[in-house]
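Now for the letters of each chain:
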Amino acid sequence: TYLTFNVENAKQFISKNDILSVQDNTNAAHEKLHEKTGAGNDYLGWLDLPNTYDKSEYQKIEQCAKEIQRNSDILLVIGIGGSYLGARAAIELLTHSFQNELTNKKRSVPKVIFVGHHMSATYINDLIEMLDGQDVSINVISKSGTTTESAIAFRIFKKYMEKKYGKDEVRKRIYVTTDQERGALKTIANKEKYQTFVIPDDVGGRYSVLTSVGLLPIAVSGISIDEMMDGAKKASEELSNRNLEENPCYQYAAVRNILYERGKLIELLVSYEPSFHYFQEWWKQLFGESEGKNGKGIFPAAASFSTDLHSLGQYIQDGERHLFQTIIHVEEPKSDISIEYDESNEDGLNYLVGKTVNEVNDKAFEGALLAHTEGGVPSFVIQLPKLDAFTFGYLVYFFEKACAISGYLLGVNPFDQPGVEDYKRNMFRLLGKPTF
Ligand code: PA5
């Protein structure tokens, strides 16, 4: 398979036989998913999406992305949760590490700035100040069309845009991604005649990055959404093999559940490339919202190495033994630097001459893997050949499918999120919202 899942380093905690012994269970989960007979089967649109996605919607995304690239310095993306994290994950992972700091000359595409993913007035005021003198477009994304955080941000920035451009011009600069028919956002879009993109009914927020939800902002960033969909398609082909021994996605789902039953309650998704930060955030939502219910579920956490080896490292090595880690390892990072000879050698680093920074990073990876294994932390490695749009599409599909299978193995509905309503009910009551 394009990506590999290596269980070798965890063999003292979980044997190959342990894994293969759950083949019947993964078969059952596979059938529930593919025959659409499991809990939450109204939300399986993501499963065949790489093959069945709406090509005309997709062309519209590419056209609008070009238009935004042509007329805007900044694209404001308004959304939260599943309507936010996927696009941010892709953009942070696949564009320049300092994308928004590059001068316009070096960056040929608009900056993408996110808002509406919290309710910080300070952030919003600072953003408005920063927008001064720049041409702006907005992509507001909300499946329900009623989410408070994004609705407040949209109300503020809609007014900002109308003041800046006037209603007619704004129509060419606001793009609404929402339900086909329902919700306040759809009503506003119809009334104001904004361009709209449809979020398919059968794709839940956290599984929606490969729909218009993620694809418009991603395309505006200059990332090839064709290659991304090709990667997802490849994954959908390779990862539908029900043979556990040959399917890394099902192996990952299986080992998570076996270890959970053995008291490993927390999973750390680890990367050695800081650009994975928002991918880790996306993954945390995917697994946390899918599995954390009915008093069950692994707590999804993340760490960025080697940075966090200097903070969380102590706990991982030596603290409570309720952890396991899944490490994403990239064989060929985007670039490298050779370590040069220095005459004085005052820093004592001449022993590294001839090596590159990536090689040193890799030794940190090998060293930490060994140490954490000895310290009692089962560690799995997801090996990626490189970091590009194809790989992102593949990885998204890998985790989405693993999450669905893992949720079915755990015995929960991986596609609902009843628990996220509780804080909203309290907040609305405290704010005096009518009917609360
Ligand atoms: O996964 C989910 O369902 C949530 O995280 C939602 O994506 C989030 O609450 C945003 O919802 P909406 O797209 O309706 O604004």
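Residues numbered from 1 in each chain as written. Predicted model: local features only at pLDDT ≥ 70, side-chain atom pairs only at ≥ 80, totals over all residues.

1. Concerning the overall build of the protein
- Secondary structure assignment for the protein yields 17 helices and ten strands.
- Here the protein has a C-alpha radius of gyration of 23 Å; the compact-globule value for 436 residues is 22 Å, and the two agree.
- Going through the 436 residues of the protein one by one, you find that 42% of them count as buried.
- For the protein, contacts bridging at least 24 residues in sequence account for 80% of all contacts bridging at least 6. (Helix = DSSP H or I, 4+ residues; strand = E, 2+ residues; numbered from the N terminus. Rg over C-alpha atoms; globule rule 2.2 N^0.38 Å. Buried ≥ 20, exposed ≤ 12 C-beta atoms within 10 Å, placed from the backbone. Contact = placed C-beta atoms within 7 Å.)

2. Re the packing of helix α5 (residues 85-94) against helix α13 (residues 277-291)
- Running from amino to carboxyl end, α5 crosses α13 at an angle of 155 degrees, the nearest separation of the two axes being 7 Å. With respect to α13, the element α5 is oriented roughly antiparallel. Between α5 and α13 lies a crossing whose hand is left-handed. On α13, the residues touching L85, G86, R88, A89, E92 and L93 of α5 are H277, Y278, F279, E281, W282 and Q285.
- Partitioned by chemical class, the residues of the contact of α5 with α13 number six nonpolar, three polar and three charged. (Axes fitted to C-alpha atoms, helices over the stretch in contact; angles between N-to-C directions. Parallel < 35°, antiparallel > 145°, perpendicular 65-115°, else oblique. Left-handed = near helix turned anticlockwise from the far one by under 90°. Nonpolar A, V, L, I, M, F, W, Y, C, P; charged D, E, K, R; others polar.)

3. Concerning the sheet that holds strand β2 (residues 74-78)
- Across the sheet, five strands lie side by side as β3-β2-β4-β5-β6; this open sheet has parallel pairing. What marks the edges here is a single partner per strand, and that holds for β3 (111-115) and β6 (195-198). In this sheet, neighbouring strand axes are inclined to one another by 20 degrees on average, regardless of whether the strands run parallel or antiparallel.
- Examined bridge by bridge, β2 and β3 share five bridges and lie parallel to one another. For I74, the partnering residue across the bridge sits in β3 and is K111.
- Sitting on the sheet, helix α9 (residues 184-192) touches β4 (136-142), β5 (174-178) and β6, and the angle it makes with β5 is about 145 degrees. (Pairing = 2+ DSSP bridges.)

4. Notes on the environment of T307
- Position of T307 relative to the elements: it lies in the loop between β8 (299-304) and α14 (313-318).
- Note: C-alpha distance between T307 and Q12 (295 residues apart in sequence) is 27 Å.

5. As for the UniProt feature "active site" (unreviewed entry) in the protein
- Under the UniProt annotation, the feature "active site" (unreviewed entry) is placed at E289 and K424.
- Along the chain, the position of E289 falls in helix α13.
- Setting aside residues no more than four positions away along its own chain, E289 makes contact with R206 and Q417.
- Note that K424 resides in helix α17 (residues 421-431). (UniProt positions renumbered as here; feature names shortened; annotations may be inferred.)

6. Overview of the site of the ligand
- If you check the shell around the ligand, you find 14 residues, and the closest are G81, G82, S144, T147 and G205.
- Looking at the shell around the ligand, its residues break down into one nonpolar, ten polar and three charged. (Near = placed C-beta within 6 Å.)

7. Notes on helix α15 (residues 357-374)
- For α15, spanning 18 residues, the distance from its first C-alpha to its last is 26 Å, which sits close to the expected 26 Å at 1.5 Å a residue.
- Backbone geometry just after α15 places G376 at a positive phi near 95 degrees. (Expected span 1.5 Å × (residues − 1).)

8. Details of the pairing of β4
- With seven of seven residues buried, β4 lies mostly within the body of the structure.
- In this sheet, β4 lies alongside β2 in parallel orientation, the contact comprising five bridges. Within β4, the position partnered with I78 by the bridge is V140.
- Summarising the sheet, β4 and β5 pair through five bridges and their orientation is parallel. When the sheet's bridge partners are listed, I141 is paired in β5 with T177.

9. Things to note about unusual backbone geometry
- Cis peptide bonds are those with omega within 30 degrees of zero, and the linkage from F305 to S306 qualifies with 5 degrees.
- Non-glycine residue K36 carries a positive phi angle of around 55 degrees.
- Along the chain, the position of K36 falls in the loop between α2 (23-34) and α3 (49-52).
- By C-beta crowding, K36 is classed as partly exposed, having 13 other C-beta atoms within 10 Å.

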